[in-house]
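Listed below are the residues making up each chain.
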Amino acid sequence: MSAQTADVVVIGAGVLGGAAAFHLALGGHRVIVLDRGAPGREGSGTTAGNLHVQAVHTRRPGQEVPLDSARFLPLQRAASDRWNSVEAELEASVELRRSGGFTIAETPEQRAELIAKHAWEERAGIRTEVLDGDGARAALPLLGPTVTAATWCPLDGYANPLLTTPAYLAAAVRHGARLHPFCPVRAVERSGSGWRVTAGDLTVEAPHVVDVAGPWLGEIAALAGIGLRMTPVAIQMHVTVRLPETLRYLVQHIGEGLSVKQVTAGNLLIGGGWPALRLDPDGRSPVSLSSVLGNVAQAARVLPFVRDLRLLRTWAGPLAATPDEMPVIGEVPGAPGFLVAGGTYAFTFAPLWGETLRCLVEGKPAPVDVRDLGPDRLLEPAAPAAPYEEAR
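It should be emphasised that the depicted structure is a prediction, and the values quoted were computed from it without experimental measurement.

### Quick word on the overall build of the protein
In terms of regular secondary structure, the protein is built from 11 helices and 22 strands. Relative to the 2.2 N^0.38 estimate, which gives 21 Å for 392 residues, the radius of gyration of the protein is 21 Å and therefore close to what a compact globule would have. Overall, the C-alpha framework of the protein stretches about 65 × 40 × 40 Å when taken along its three principal axes. Of all intrachain contacts in the protein linking residues separated by at least 6 positions in sequence, the fraction that spans at least 24 positions is 74%. Carbon and sulfur atoms provide 55% of the accessible area of the protein, an area that totals close to 15300 Å². Mean positive and mean negative side-chain charge positions of the protein (35 and 40 charges, respectively) differ by 3 Å.

Laid out in structure tokens, this is it:
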């Protein structure tokens, strides 16, 4: 058994773990990052990599509780500002593209949603423009006849998630962080005024633990005797064959779960949060054929040229959702030094949450107000925790 000390133990080597480790290591903290498997393999490696800056649709298919889109906007604006410097900070390309994006509507109700969100965006300092159907097709002739309105946001875009998480982790390591993949956490317990984390044959004593374990966030918290209500799900993505540059912008739907973009390699990525057949936290979540058919048919209705494309692959990945669909970030009340961060749209928020976690560890004001996003709203009595490997 190897015993080490650190200032912060980061549990989870996805994009949030990488961003947190980078900002903490950059600030001079001794950081150890632990992951149960390969870094960036789970939700961070299966996400679409969209940068959502204009307001998002409030419900993905099957989602019971709508998210508070207006509350998201100041966070999206702050995250967008930070994405501008990510590649320079990490000294690496993450294929960041500020392509701009259209959010479309097909019904009068959805058109009203576009107008309402445009007002929220103006208040948040996000520049958007409302177009009618003809105006939208003039700007993007690929849109189909069912589109009756759209909002245009020049700040929308995407980055390659398969480059972003490794770039964050590599930069963290350059600044002194130590990364331990395939090192599942088995115990988290109080030790004096700090925490003792046991993972694999490693024991680490540290005053702070940052739980960014994605869909396993609740399980890690339970090891520390903390009950958190999380509602992880599995959603799926679809990719077509490569084609010449055709779709220059991100296209989303205000009323339904849909996002479509063409990535640097030429493939079209189709997503929107359609559910997989089920979440398998111990393996690979199986895809749902009905979601494949529904999501691709929806994309072909909004962008008719999609009908001529061959689907190359479909995959499912886990999503660390909360019961109210809002992010969770902050120190757990009654557990000094134990911080959590997660929830939906974590890829968009990663640079912001990384900086925020560093501020919270250092006891400094966060760059944005996150007091209403703390874990206190998700607390519940903790069930006796089994050792993590037994629970697996």
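### Here's the deal with the domain arrangement of the protein
For the protein, the assigned domains are domain 1 (4–44 + 162–230 + 324–378) and domain 2 (97–156 + 231–320). A per-residue breakdown of the area domain 1 buries against domain 2 is headed by Glu42, Pro215 and Met230, which together make up 48% of the total. For the pair domain 1 and domain 2, the interface holds one salt bridge. A salt bridge links Glu42 to Arg284, with the shortest nitrogen-to-oxygen separation between them at 2.9 Å. Linking domain 1 with domain 2 are four residue pairs in polar contact (both at pLDDT 80 or more), by the criterion used here.

### Some words on the packing of helix H1 (residues 15–26) against helix H7 (residues 161–174)
At a closest axis distance of 8 Å, the pairing of H1 and H7 adopts a crossing angle of 25°. Here H1 is positioned roughly parallel relative to H7, judged by the angle of their axes. In the packing of H1 onto H7, the handedness of the crossing is left-handed. Between H1 and H7, the residues in contact are Val15, Gly18, Ala19, Ala21, Phe22 and Ala25 and Thr164, Thr165, Tyr168, Leu169, Ala171 and Ala172, respectively. Residues of the contact of H1 with H7, tallied by class, amount to nine nonpolar, three polar and no charged.

Here is what the cut-offs are and how they apply
Residues numbered from 1 in each chain as written. Predicted model: local features only at pLDDT ≥ 70, side-chain atom pairs only at ≥ 80, totals over all residues. Heavy atoms only, no water. Helix = DSSP H or I, 4+ residues; strand = E, 2+ residues; numbered from the N terminus. Rg over C-alpha atoms; globule rule 2.2 N^0.38 Å. Contact = heavy atoms within 4.5 Å. Areas by Shrake-Rupley, 256 points an atom, 1.4 Å probe, with all protein chains shown as cover. Lys, Arg positive; Asp, Glu negative; His and termini not counted. Charge placed at Lys NZ, Arg CZ, Asp CG, Glu CD. Domains from an automatic or database assignment. Buried area = accessible area lost by both parts, 1.4 Å probe. Salt bridge = Lys/Arg side-chain N within 4 Å of Asp/Glu carboxyl O. Polar contact = N/O pair within 3.5 Å; in protein donor to acceptor, adjacent residues only side chain to side chain. Axes fitted to C-alpha atoms, helices over the stretch in contact; angles between N-to-C directions. Parallel < 35°, antiparallel > 145°, perpendicular 65-115°, else oblique. Left-handed = near helix turned anticlockwise from the far one by under 90°. Nonpolar A, V, L, I, M, F, W, Y, C, P; charged D, E, K, R; others polar.

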